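Architecture and fold: a report
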Amino acid sequence: MEGRRIRRFGRWGSNQTTLLPVRVNRLSNTISCWYCDCKSSILNEPLFRFGRRYSRGLKAWFSMGVGFSLAVLSAVTMILLYEIGQILCLYYGNTQMSNVMSEYLFGFPSTISGLTISVADIGYLCISSIISVSVHELGHALAAASEGIQMEYIAVFLAVLFPGALVAFNHELLQALSKGSALRIYCAGVWHNAVLCAVCAWALFLQPSILYPFYIHDEGPMVLDVSPTSPLSSYLSPGDVIISLDDIRINNVQEWSQIIAVLTERSYQNSQNHNLLENSMKRSIGKGYCIPYSLVEEGKRISLEGNEASCPDELSAFISIPCLDQAMPDDDNLEVNHQRDGSELRCFFAKDVLKLEKCGDGWGGLHRNRSSCLCSKEGTCFLPLLLTGEAWMEITYSSPSPLQCSQLGRMRVVDDDNFRENPCVKTFVFVGDVISIKHSVLLTSYRPRWSAKFGAHLPYVLEKFLMFTFHVSLTLALLNSLPVYFLDGEAISEVIIHHFRFLSSRRRRTVLLYFLIGGTVASILIFVRVFLVLL
């Protein structure tokens, strides 16, 4: 039995060996209580022939990878040194660098709340991981083949609960290579993952142009799916197109998400104040309607009982604001103030109010007006009276179904600052927690030029696949650049430190030992902190 190394790269001059067969069959496996793998040598000959045939070009290609990998290794080493300094209390300052480490190095944002992942996301994650790992290991195999070394097998393994993959080479042949040739092999995986990231980013950038003959892009997000538990399930259905939110034109999913985020923040700020009237009267942004006096007289008058205003289920509570530009009274008793200033509390049908002119400075189409006193003499401005943490959102959408269009009736909407009639357009009001609709509606920025249920999902699936592959490949490249045991960074660091000829062989081993221990400890501490944030 000849000694073989199961780990991809080892220490120079090390005599560590693992007993493996001299010849690996085309498909074999190893199983133990904590480790199992599946090894294959099917691709050995094809990859070696390809690498030898294009050896000169591949060497130049992987030489570029060496420069890139060393730059990344230097960057992550500086961040790790910063982390160690913070842990040892050698440096006090802001945590911006730490946030960068957790967000960009490990693929997690610095602050995460309500993290959710769907079954479909798990599928995207698995497929993108397989592709990213395959590209990584292919880089090692081709780099070795260009240097005249044939891999012995490819293995996919599961160590305890952690999956992975590796390519195995003859350790003695690797040691016989020059340091530059070995470095090209060690850096090939990181380089290939970086190239895969660039390909995914370029494909995402060109996706609208590639799909242009078949899909309309950035002309209103289309609903792909609505969760049965979503508060919008009674209004929206697959195929509907979002036109505007609070009179703000929505062109794509990104704009929808941005506006939802702003409304969520406003709702959170209002939730800090538990006074119902103060939420409605003192907030700087108001969404009001010019209600004619005739309708005001028909509306049901209500009064506050404690800090609550109750209306029948089919009615919504509103408070009148003669002019939103007037300074609010200094008296802390808001109930007395709104009565003294002539403000009224009324109940109206929301569907009747939606047809009226708007007032207040909370509507997207009215930002150009400095004054909030937009109502004529025949009416007054009423604001919806909301409970703590609630938001009032007016959503306008169109339905492509002729049957639905005939049932919707003719509604007035704002489109490019002009009022127009469209039988396929409808507006409804959502009152409640904005967060509840954030993940319950699946949208896409693409609309098929022809009716096709399956084709409607294709751009979304492609976009999600490219985004997942980009993030997974980036994470894999950065992780393997870390000076950590059992990763590519260990072998890369080993070759670099062996270039320090001014140090003795013993001192080089000592420097390498402390360098890898420090990098491993710092990386583990950062991982622990990231997962604590996730919890």
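All values reported here derive from a predicted model rather than from experimental measurement.

Let's shift gears to the overall build of the chain. Counting its secondary structure elements, the chain contains 16 helices and 20 strands. Per-residue burial for the chain yields a buried fraction of 45% across its 535 residues. Of the roughly 28,800 Å² of accessible surface on the chain, 60% is carried by carbon and sulfur atoms.

To continue, consider the UniProt feature "transmembrane region" (unreviewed entry) in the chain. As annotated by UniProt and renumbered to match this structure, "transmembrane region" (unreviewed entry) occupies residues 60–84, 153–171, 183–206 and 511–532. Helix makes up 100% of residues 60–84 and strand makes up 0%, while its end C-alpha atoms are separated by 36 Å. Counting secondary structure, residues 183–206 comes out at 100% helix and 0% strand; the distance between its end C-alpha atoms is 34 Å.

What follows is about helix H6 (residues 179–210). Taking 1.5 Å of rise per residue, 32 residues should cover 46 Å, and H6 covers 44 Å from first to last C-alpha, within 8% of that figure. Where H6 bends most, at Ala-188, the angle is about 45 degrees.

We now examine the packing of aromatic side chains. Within this structure, the stated rule accounts for 15 aromatic pairs. A ring pair is formed by Tyr-289 and Phe-318, whose centres lie 6.4 Å apart and whose planes are at 80 degrees; its orientation type is edge-to-face. Of this pair, Tyr-289 sits in strand E10 (residues 288–292) while Phe-318 is found in strand E12 (residues 316–320), placing the two residues 29 residues apart along the sequence. Grouping residues by exposure puts Tyr-289 and Phe-318 together as buried. A centroid spacing of 5.5 Å and a plane angle of 75 degrees characterise the contact between Phe-318 and Trp-392, whose relative ring orientation is edge-to-face. With a gap of 74 residues between them, Phe-318 in strand E12 and Trp-392 in strand E16 (residues 391–398) connect regions that are remote in the sequence. An identical accessibility class is assigned to Phe-318 and Trp-392; each is buried. Through successive ring pairs, a cluster of aromatic residues spans Tyr-289, Phe-318, Phe-348, Phe-382 and Trp-392. Between Arg-449 and the ring centre of Tyr-212, over which it is positioned, the NZ or CZ distance is 4.6 Å.

Attention now goes to unusual backbone geometry. We note that Asp-218 has phi near 60 degrees; this positive angle belongs to a residue other than glycine. Within the secondary structure layout, Asp-218 lies in strand E7 (residues 215–226). For Phe-486, which is not a glycine, the phi torsion comes out positive at approximately 70 degrees. Its location among the elements puts Phe-486 in the loop between helix H14 (453–481) and helix H15 (488–497).

What follows concerns the packing of helix H4 (residues 119–146) against H6. Contact geometry of H4 with H6 gives a least axis separation of 7 Å together with a crossing angle of 140 degrees. Classified by the angle their axes make, H4 and H6 are oblique. When the axes of H4 and H6 are compared, the crossing they make is right-handed. For the pair formed by H4 and H6, the contact residues are Ile-131, Ser-132, Val-135, His-136, Leu-138, Gly-139, His-140, Leu-142, Ala-143 and Ala-144 on the first element and Arg-184, Ile-185, Tyr-186, Ala-188, Gly-189, Val-190, His-192, Asn-193 and Leu-196 on the second. The residue makeup of the contact of H4 with H6, split by class, is eleven nonpolar, seven polar and one charged.

Okay, helix H1 (residues 44–53) next. An α-helical segment advances 3.6 residues per turn. Residues three or four places apart therefore align on the same side. Taken residue by residue, H1 has Asn-44, Leu-47 and Gly-51 as its buried positions. The buried side chains of H1 occupy one side of the element, clustering within an arc of 80 degrees when seen end-on. Along H1, exposed side chains directed more than 90 degrees from the buried face belong to Arg-49 and Arg-53.

Attention shifts here to a nonpolar patch on the surface. Taken together, the side chains of Leu-513, Ile-517, Val-521 and Leu-525 define a hydrophobic patch exposed on the protein surface, amounting to about 300 Å² of accessible area. Relative to the helices and strands, Ile-517 is located in helix H16 (residues 505–534). Overall, Ile-517 belongs to the partly exposed group, its relative accessible area being 37%.

As a further point, take the state of the cysteines. With the rule as written, the count across this model stands at one disulfide. Paired by a disulfide, Cys-359 and Cys-381 hold their sulfur atoms 1.9 Å apart. Taking the torsion about the S-S bond as the criterion, the Cys-359 to Cys-381 disulfide, at about 90 degrees, is right-handed. Of this pair, Cys-359 sits in strand E14 (residues 358–359) while Cys-381 sits in strand E15 (residues 379–384), and the two are 22 residues apart along the sequence. Summary of cysteine pairing: Cys-197 is not part of a disulfide, and the nearest cysteine sulfur, belonging to Cys-200, is at 6.7 Å. On the basis of relative accessible area, Cys-197 is assigned to the buried category, the value being 7%.

Residue position: Pro-448 is located in strand E20 (residues 441–448). The class of Pro-448 is partly exposed, set by a relative accessible area of 21%. In this structure, the C-alpha to C-alpha distance between Pro-448 and Leu-458, residues ten residues apart in sequence, is 9.7 Å. Once you skip the residues sitting within four places of it in the chain, Pro-448 turns out to touch Phe-214, Tyr-215, Met-222 and Ala-456.

Attention shifts here to the nonpolar core. With 21 residues, the main nonpolar core has Leu-232, Leu-236, Ile-242, Leu-245, Trp-256 and Met-393 as its most contacted residues. When residues of this core are traced back to their parent elements, those giving at least two are E7, strand E8 (241–245), helix H7 (253–271), E16, strand E19 (425–432) and E20. Apart from residues no more than four positions distant in its own chain, Met-393 is found in contact with Leu-245, Asp-246, Ile-260, Leu-263, Lys-287, Phe-428, Val-429, Phe-430, Val-434 and Ile-437. The next biggest cluster of nonpolar side chains, apart from the first, holds 17 residues, and it includes Val-66, Val-72, Leu-73 and Ile-526.

Here we take up the environment of Thr-427. Along the chain, Thr-427 turns up in strand E19. Along the primary structure Thr-427 and Lys-355 are separated by 72 residues, whereas in three dimensions their C-alpha atoms are 9.3 Å apart. Separated by 3.0 Å, the side chains of Thr-427 and Thr-396 make a polar contact.

This paragraph deals with the pattern of salt bridges. The final tally for this structure, using the stated rule, is four salt bridges. Glu-219 serves as the salt-bridge partner of Arg-447, at 3.8 Å between the closest nitrogen and oxygen. Here Arg-447 is found in strand E20, whereas its partner Glu-219 is found in strand E7, with 228 residues between them in sequence. Take Arg-447: its relative accessible area is 21%, and that puts it in the partly exposed class.

Cut-offs used in this document
Residues numbered from 1 in each chain as written. Predicted model: local features only at pLDDT ≥ 70, side-chain atom pairs only at ≥ 80, totals over all residues. Heavy atoms only, no water. Helix = DSSP H or I, 4+ residues; strand = E, 2+ residues; numbered from the N terminus. Buried < 20%, exposed > 50% of the residue type's maximum accessible area, 1.4 Å probe, protein only. Areas by Shrake-Rupley, 256 points an atom, 1.4 Å probe, with all protein chains shown as cover. UniProt positions renumbered as here; feature names shortened; annotations may be inferred. Expected span 1.5 Å × (residues − 1). Bend = angle between axes of the 7 residues up to and from the residue. Phe/Tyr/Trp six-rings, centres within 6.5 Å; stacked < 30°, edge-to-face > 60°. Lys NZ or Arg CZ within 6 Å of the ring centre and 35° of its normal. Axes fitted to C-alpha atoms, helices over the stretch in contact; angles between N-to-C directions. Parallel < 35°, antiparallel > 145°, perpendicular 65-115°, else oblique. Left-handed = near helix turned anticlockwise from the far one by under 90°. Contact = heavy atoms within 4.5 Å. Nonpolar A, V, L, I, M, F, W, Y, C, P; charged D, E, K, R; others polar. Arc of directions from axis to C-beta. Patch = residues over 30% accessible without salt bridge, like charges linked within 9 Å, V, L, I, M, F, W, Y side chains within 5 Å. Salt bridge = Lys/Arg side-chain N within 4 Å of Asp/Glu carboxyl O. Disulfide = S-S within 2.5 Å. Core = buried A, V, L, I, M, F, W, Y, C linked by side-chain atoms within 4.5 Å. Polar contact = N/O pair within 3.5 Å; in protein donor to acceptor, adjacent residues only side chain to side chain.

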